[in-house]
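# Survey of secondary and tertiary structure
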Amino acid sequence: MTTLEDIKELIAPELKALDRTIRGSLSSSNALMNRVVENYLQKKGKLIRPIMVILTSKLLGEDNEKIIPSAAAVEMLHNASLIHDDVVDDSKQRRGAPTINSIWDNHIAVLVGDFFVSSALRQALSTGDLRITEALAKLGQLLSLGELDQIYNARNRYITEEGYFQVISRKTASLFVSCVEMGSYAVGVDDGRLETMRKFAELLGLCFQIRDDIFDYFPDQQSTIGKPTGNDLREGKITLPLIYALTSDSITAPDLLERRKEMLTLVDNDYLSDSQITELYQFAIDAGGIEYAYNTMENLHTRGLETISEFGDHPAANAMRSIFDYIITRCN
């Protein structure tokens, strides 16, 4: 299987151009802004989203000057959403490093996040393609709506699989869908092939979030994944493994059904202690919630591979298959 690092090596020139574009776009006349941005950029993410833009363009067309600005735009908007999320969630760590809000303060973090958003929009506009700018603007809306959906569900104790998938479709999968849209538009493609890529990206994005949510159930992996565990429940977010444990008709064991009554009472609390979070997560594990989440990912993975099969053995399609494999097996 081709690894993510292998894929990065294959498109190394494009990723170098991406880095230059992002750094250039985020350079300013303000010394504090430059200091905060430089510190932030030292700890790079996996770059999966801009890689998806680049691979889509390679799959559907020829290299041109619109591709890198499109990839830079989506990566900066993604990072803006992370910076703002850290403020909302009062997170102290991201990617194994202190967050902007923990080093400086919330005020500066919000302004830096806004600067990332504006820089992303300028990169999208630089392509001269309104479809690319529209895709980015729509993405910003969906990310906000996904977060608000999540808050609404948490406050109203809306514990359903349907509600969960609506949230992660907006807050996570929408990013991947936007990536393939922008990569397609950059090479002038807006036909049935784009619709196929949208379906693939949606399935990939759903898997990405489910895998991310599973991490939260295992505190012993905190040093590996680079962020605190247990945060989802502290913020009132009930994710797929626990939703299954609390609602599934497939659970029939008397002892689990009895524990479920207690757990349903627990999740109705406005505040959960660390021990209560541990108890809820252990119940999800004992009731088969983690196994259910993995099975769900595998089903989505199978559908994703079937979707992209129409592109045959194209190198970019193979790279996307490898990214999907990586997403459901990753350790951070």
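Everything discussed here concerns the structure shown above.
Residues numbered from 1 in each chain as written. Predicted model: local features only at pLDDT ≥ 70, side-chain atom pairs only at ≥ 80, totals over all residues. Heavy atoms only, no water.

## Re the overall build of the chain
Rules: Numbering of helices and strands runs from the N terminus; a helix is a DSSP stretch of H or I covering at least four residues, while a strand is a stretch of E covering at least two. It is over C-alpha atoms that the radius of gyration is taken, and the globule rule equals 2.2 Å times the number of residues to the power 0.38. Buried, partly exposed and exposed residues are distinguished by accessible area as a fraction of the type maximum, computed with a 1.4 Å probe on protein chains only: under 20%, between the cut-offs, and over 50%, respectively. Throughout, a contact is declared for two residues whenever any of their heavy atoms are within 4.5 Å. Only the protein chains shown count as cover for residues, and the accessible areas themselves come from Shrake-Rupley with a 1.4 Å probe. Charged residues are defined here as Lys and Arg on the positive side and Asp and Glu on the negative side; His and the ends of the chain fall outside this count. Note that the charge is assigned to NZ on lysines, CZ on arginines, CG on aspartates and CD on glutamates.
Looking only at helices and strands, the chain features 17 helices and two strands. At 20 Å, the chain has a C-alpha radius of gyration in line with the 20 Å of a compact globule built from 332 residues. In terms of its C-alpha atoms, the chain occupies a principal-axis envelope of roughly 60 × 50 × 30 Å. Scored against the burial criterion, the 332 residues of the chain give a buried share of 53%. For the chain, long-range pairs separated by at least 24 residues make up 75% of all intrachain contacts whose partners lie at least 6 apart in sequence. A total accessible area of about 15200 Å² is found for the chain, and carbon and sulfur atoms account for 50% of it. One finds the centroid of the 34 positive side-chain charges in the chain at a distance of 5 Å from the centroid of its 48 negative side-chain charges.

## Structural notes on the packing of helix α5 (residues 67-89) against helix α8 (residues 130-155)
Axes are the key here: two packed helices are described by the angle between their axes and the distance separating the axes. Basically, it comes down to this: Between N-to-C directions, angles cover 0 to 180 degrees, with each direction set by a line fitted to C-alpha atoms, over the stretch in contact for helices. Roughly parallel here means an angle under 35 degrees, roughly antiparallel means over 145, roughly perpendicular means 65 to 115, and every remaining angle is called oblique. Here is the rule for handedness: rotate from the far helix to the near one, and if that takes an anticlockwise turn smaller than a right angle the crossing is left-handed, while a clockwise turn gives right-handed.
For the pair α5 and α8, the least separation of the axes is 11 Å and the interaxial angle reads 20°. When the axes of α5 and α8 are compared, the pair comes out roughly parallel. Handedness of the α5/α8 crossing: right-handed. Every residue of α8 that contacts α5 at Ser 70, Ala 73, Val 74, Leu 77, Ser 81 and Asp 85 is listed here: Ile 132, Leu 136, Leu 139, Gly 140, Leu 143 and Glu 147.

## Comments concerning unusual backbone geometry
One non-glycine residue, Leu 47, lies in positive phi territory at about 65°. A positive phi angle, close to 55°, is found at Asp 90, a residue other than glycine. Here Asp 90 lies in the loop between α5 and β1 (93-94).

## Quick word on the layout of surface pockets
Inclusion rule: Points on a 1 Å grid, built from protein atoms alone, make a cavity when a 1.4 Å probe fits but cannot get out and make a pocket when they are open with protein on both sides within 12 Å along at least 5 of 7 lines; residues with an atom within 4 Å of a point are the lining residues. Grid points are joined across faces, edges and corners, and a volume is the space filled by probe spheres set on the points.
A volume near 720 Å³ is recorded for the second largest pocket. In terms of lining residues, the second largest pocket is bounded by 37 residues, among which Gln 150, Ala 154, Glu 235, Gly 236 and Lys 237 are the most central. Those elements giving two or more residues to the lining of the second largest pocket turn out to be α5, α8, α9 (161-186), α10 (192-215) and α12 (231-234). Among the elements that take part in the lining of the second largest pocket, α8 stands out by supplying eight residues, more than any other.

## So, helix α2 (residues 12-25)
Two residues of an α-helix separated by three or four positions point the same way, owing to the 3.6 residues in each turn. Let me state the cut-off plainly: Helix span, as expected, comes to 1.5 Å for every residue beyond the first. An arc is given here, and it is the one of the directions from the helix axis to the C-beta atoms.
Across its 14 residues, α2 extends 20 Å between first and last C-alpha, which sits within 8% of the 20 Å expected from 1.5 Å per residue. Regarding α2, the residues found buried are Glu 14, Leu 15, Ala 17, Leu 18, Ile 22 and Ser 25. What you see down the axis of α2 is that its buried residues fit within an arc of 160°, all on one side. Relative to its buried face, α2 has exposed residues pointing more than 90 degrees away, namely Pro 13, Lys 16 and Arg 20. Contacts from the buried residues of α2 go to α1 (4-10), α3 (31-41), α4 (48-60), α5 and α7 (106-126).

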